[in-house]
Amino acid sequence: DDISVSYFGPSLSFRLFDKKMKNSLVAGISVGYVSYNNNVIIIDDYSMKGGTVGVQMDFGYDIKISKELMVGVQVSTLNATLTAYDWDDGETVEKVVLDIEEWESLSRMNFSAGIRFSF
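What comes next is a walk through the structure. If you're wondering where the values come from, they're calculated on a predicted model, not measured in any experiment. Per-chain numbering applies: the sequence of each chain, read as written, is numbered from 1 onward. Note on the predicted model: pLDDT of at least 70 is required for a residue's local features to be given, and 80 or more for side-chain atom pairs to be given and counted; whole-chain, interface and lining totals, by contrast, use all residues. Each side-chain value is derived from all of the structure's non-hydrogen atoms; neither hydrogens nor water enter the calculation.

A few words on the pattern of salt bridges. Any carboxyl oxygen of Asp or Glu that lies within 4 Å of a side-chain nitrogen of Lys or Arg is treated as forming a salt bridge with it. For the structure shown, the criterion picks out 1 salt bridge. Among the ionic pairs, Arg 116 bridges to Asp 62, the shortest N-O distance being 2.5 Å. Separated by 54 residues along the polypeptide, Arg 116 in strand 10 (residues 108–117) and Asp 62 in strand 4 (residues 45–66) bring together distant segments of the chain. Accessible area is worked out with a 1.4 Å probe on protein chains only. A residue is then buried under 20% of its type maximum, exposed over 50%, and partly exposed in between. Asp 62 sits in the buried class, given a relative accessible area of 2%. The way it works is that DSSP assigns letters per residue, a run of H or I at least four long becomes a helix, a run of E at least two long becomes a strand, and they are numbered from the N terminus.

The following block contains the structure:
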């Protein structure tokens, strides 16, 4: 299996500083398209491709360490469910619609730490 899940979409983000303008809460939300691609080699090569609508949310906290530099942590979630995909064996393409108990979650959660420039 060679699986890729990609997200494309616009986002709306904001930053809320504390009273001393030293620390900030960062949040964002986005609605977009999630693509799923699985290139499989068992006996024969085939691919499974699908897509769906997804919602991404970000929450973070930054601490100012200099006039224009902040360090922080962030948690991000992507929520999406695949309900159908195209099965391609190289000769024919068949659309597979999944029953509700077979729906595949494409959701994930990421944790990150980093540096932000604030100017």
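Time to look at the side chain of Asn 38. Here Asn 38 shows up in strand 3 (residues 23–41). Two residues qualify as a contact provided that any one of their heavy atoms is within 4.5 Å of a heavy atom in the partner residue. Leaving out residues up to four positions away in the same chain, Asn 38 has contacts with Asp 1, Asp 2, Ile 3, Tyr 46, Ser 47 and Met 48.

Interpretation note: all reported values are geometric properties and have no functional meaning in isolation.
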